Protein chains: 2
Amino acid sequence: MNNNTPTNIPTMSKFLKLAHKFNSFYLNGPKRKECCAFIVDGVQVGLVRAAVISELSRYPNVFIVNPNSVILNPAFRDYEERSAHIDSVLRDMKDKQLFVTLKGWRDECYEVRTMFADQPLLKMDRSATCLFGICNYGVDINGYVNHPSKGLCIWLQQRSLTKQTWPGKWDNMVAGGLSVGNSVIKTAHKEGEEEASLTGDLLKNLKSAGTVSFFYESERGLFPDTEFVFDLELPLDFTPCNQDNEVEKFELLTANETVNRILTPDFKTTSCPVIVDFLIRHGIITPENEPRFPELVELLHVPLQSFYTNRNDEKYSKNGLPDTL
Amino acid sequence: MNNNTPTNIPTMSKFLKLAHKFNSFYLNGPKRKECCAFIVDGVQVGLVRAAVISELSRYPNVFIVNPNSVILNPAFRDYEERSAHIDSVLRDMKDKQLFVTLKGWRDECYEVRTMFADQPLLKMDRSATCLFGICNYGVDINGYVNHPSKGLCIWLQQRSLTKQTWPGKWDNMVAGGLSVGNSVIKTAHKEGEEEASLTGDLLKNLKSAGTVSFFYESERGLFPDTEFVFDLELPLDFTPCNQDNEVEKFELLTANETVNRILTPDFKTTSCPVIVDFLIRHGIITPENEPRFPELVELLHVPLQSFYTNRNDEKYSKNGLPDTL
């Protein structure tokens, strides 16, 4: 094994507990059978919980509510028309203060589609996607240092105390959502500059390293999430510096300290998968110290791209009724 | 992006075709509903195809064949007893030349269990596990070089022309199955020495990097497979040298040449996931050159650890009848 591997990693079964926590919906949600498919243009793009369905049923010109599905009115012909109707409903619900997540209205939209490579069917404010179980995409940069005496060290950020979501929690050095009009690599560069003052010279060493996929659920909503992961080895004398006031502070941790930090409740649950994946790819969490290693790796890459397409054996016609009827 | 990224990678959708090929059962098998659950001690550990079921039904003292399941006789009380009965059936079937895979009898056993961390329920010859859809575990070492002018280069092996399976095909530098009594790291060291003459000094740099999981099917049988993946950076002047006559030759390829090689039919299909994962983790296949990147990553980590436990809503009692009856 490489020499950087720490010898006294805390109990490894804790990683599996963490993987169950950030996959709370993937592992338990489907069994409950509480959610309805959200259908746009004949395909499932999300899931809606009962509390949301009862509110959506107040907008019968926009949503057709069936026993097992909520269908966006198929009379809306294209991306723009669908987006506009959804936007007006969401703004109305926001004004009525129906859902806590809409308090964090962002004026920044995410694309809605079944699979990442599909043409988007509509866009909606990023604060609202969790009400519809829309898959979110984001970008994360693992900033790390190969320290001459401490071995592998990892830069973490503490989120600003005034952030709408997860205020004050520890997080990856750089992370940001993939909003409408931005490519993966453009988002990585933009967030790297804004959140940590990564210059063009440093960003030249940015290395794409895969994705993580998981499906989290909280009181706020449903969060199927795929993060595009980048590694960035940084010089020993570099210190990240925030420009957008979204960061409280940065800290450089050893691998062992990072392990301990992500196992505390002070770490943003939905940022743990990126760190766990990093610790696995860099030989810190291994089959020798984690007996359920294959299971842990699989729970970092749950099949979100086929989650909605496989779930219906039925195909939905555009008027919202199953074709099999 | 890092400077080693090749600029003219061949059409990236070919990687997805490859992922569909090595996941032929995962993507298509369950829909066919042709296979029966293989049950040992009340839990599903595999799947059996119709052609195998009809032969197993000739051994009614060993297997109870029901419409939807094949149950190993619950009268066999422990690991040793189960293993001995299965072994005698398999040797009989081998002598009768019923299945091509048994021609490659190895006198080397794999453990049988539902999940990797579970206590094994029995062992069986590795040539037979594909008849029962038992999950195989293996170890792979990606040997690579950071070449001063060519960038990232990867050592591949050509398999011996006399091997029972995939003779003459191109393969990872080092790969081997996890047989009874060997740990992951011990197998990595053993195979590294036997297949490529990796010395202790070189193996010190061995770095655990994760797993890949996929579910392949061929005429020979069903192959759910999880490979423990290791990376090993090698000195420029090192050349692997085979000691066990299982290798025809080794070749050092650039990243581009490796991409082209795995896309040919000359590469062992079930070794491609490890290489594709390596090319993703090292920034060669990226979201910029592979539009269906999240899907590709997910197909390298399909949920095998929960594949059999999730598939039955029914629980099987030890006499082989569903508890719900």
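Given the structure is predicted, the values throughout are model-derived calculations rather than measurements.

## Comments concerning the relation of the copies chain A and chain B
Part 1 of the reasoning: Note on the identical chains: chain A maps onto chain B by a rotation of 180 degrees and an axial translation of 0.0 Å, with an RMSD of 0.0 Å. These values place the two chain copies in the arrangement generated by a two-fold rotation axis. Closest approach to the rotation axis within chain A is made by the C-alpha atom of His301(A), at a distance of 3.1 Å.
Part 2 of the reasoning: Take the interface residues of chain A: 100% of them recur as interface residues in chain B, which is what a same-surface contact looks like.

## Topic: the packing of aromatic side chains
Residues and elements named next belong to chain A.
Part 1 of the reasoning: If you walk through the whole model with that rule in mind, you get 30 aromatic pairs over all chains.
Part 2 of the reasoning: Relative to Phe215, the ring of Phe25 has its centre 4.5 Å away and its plane inclined at 35 degrees; by these criteria the two rings are tilted. With Phe25 in helix H2 (residues 24-32) and Phe215 in strand S11 (residues 207-218), this pair connects stretches of sequence that are 190 residues apart. The burial state of Phe25 is the same as that of Phe215; both residues are buried.
Part 3 of the reasoning: Seen in terms of ring centroids, Phe307 and Tyr308 are 5.7 Å apart; in terms of plane orientation they differ by 75 degrees. Their pairing is edge-to-face. Tyr308 matches Phe307 in its accessibility class, with the two residues each being buried.
Part 4 of the reasoning: By way of ring pairs, the aromatic residues Phe25, Tyr26, Phe215, Phe307 and Tyr308 are connected into one cluster.

## Overview of the interface of chain A and chain B
Part 1 of the reasoning: Opposite the 42 residues of chain A that make contact, chain B presents 42 residues.
Part 2 of the reasoning: Of the roughly 3,300 Å² buried where chain A meets chain B, counting both sides, 63% is carbon and sulfur surface.
Part 3 of the reasoning: At the boundary of chain A and chain B, one finds zero salt bridges.
Part 4 of the reasoning: The tally of links between chain A and chain B comes to eight residue pairs in polar contact (both at pLDDT 80 or more).
Part 5 of the reasoning: Looking at the side of chain A that touches chain B, the elements that each hand over two or more residues are helix H6 (184-196), S11, strand S12 (221-233), helix H9 (272-281) and helix H10 (293-298) of chain A.
Part 6 of the reasoning: In terms of residue count, S11(A) provides more of the side of chain A that touches chain B than any other element does, six residues in total.
Part 7 of the reasoning: Among the residues making up the side of chain A that touches chain B, the classes are represented as 23 nonpolar, 12 polar and seven charged.

## Examining the side chain of Glu295(A)
Part 1 of the reasoning: Along the chain, Glu295(A) falls in helix H10.
Part 2 of the reasoning: Sequence-distant contacts of Glu295(A), defined by excluding residues within four places in its chain, comprise Leu16(A), His20(A), Met115(B) and Gln305(B).

## A few points about the sheet that holds strand S4 (residues 69-72) of chain A
Residues and elements named next belong to chain A.
Part 1 of the reasoning: Across the sheet, which stays open at both edges, the four strands sit in the order S2-S1-S4-S3 with mixed pairing between neighbours. Since the sheet does not close on itself, it has two edges, and those belong to strand S2 (43-48) and strand S3 (63-65), each with one partner. Between one strand axis and the next, the sheet turns by 25 degrees as a mean value, whatever way the strands run.
Part 2 of the reasoning: Pairing of strand S1 (residues 36-40) with S2 involves five bridges; the strand directions are antiparallel. Pairing of Cys36 across the sheet is with Val48, part of S2.

The rules behind each value
Residues numbered from 1 in each chain as written. Chains lettered and ligands numbered in written order. Predicted model: local features only at pLDDT ≥ 70, side-chain atom pairs only at ≥ 80, totals over all residues. Heavy atoms only, no water. Least-squares fit on C-alpha atoms with pLDDT ≥ 70 in both. Contact = heavy atoms within 4.5 Å. Phe/Tyr/Trp six-rings, centres within 6.5 Å; stacked < 30°, edge-to-face > 60°. Helix = DSSP H or I, 4+ residues; strand = E, 2+ residues; numbered from the N terminus. Buried < 20%, exposed > 50% of the residue type's maximum accessible area, 1.4 Å probe, protein only. Buried area = accessible area lost by both parts, 1.4 Å probe. Salt bridge = Lys/Arg side-chain N within 4 Å of Asp/Glu carboxyl O. Polar contact = N/O pair within 3.5 Å; in protein donor to acceptor, adjacent residues only side chain to side chain. Nonpolar A, V, L, I, M, F, W, Y, C, P; charged D, E, K, R; others polar. Pairing = 2+ DSSP bridges. Axes fitted to C-alpha atoms, helices over the stretch in contact; angles between N-to-C directions.

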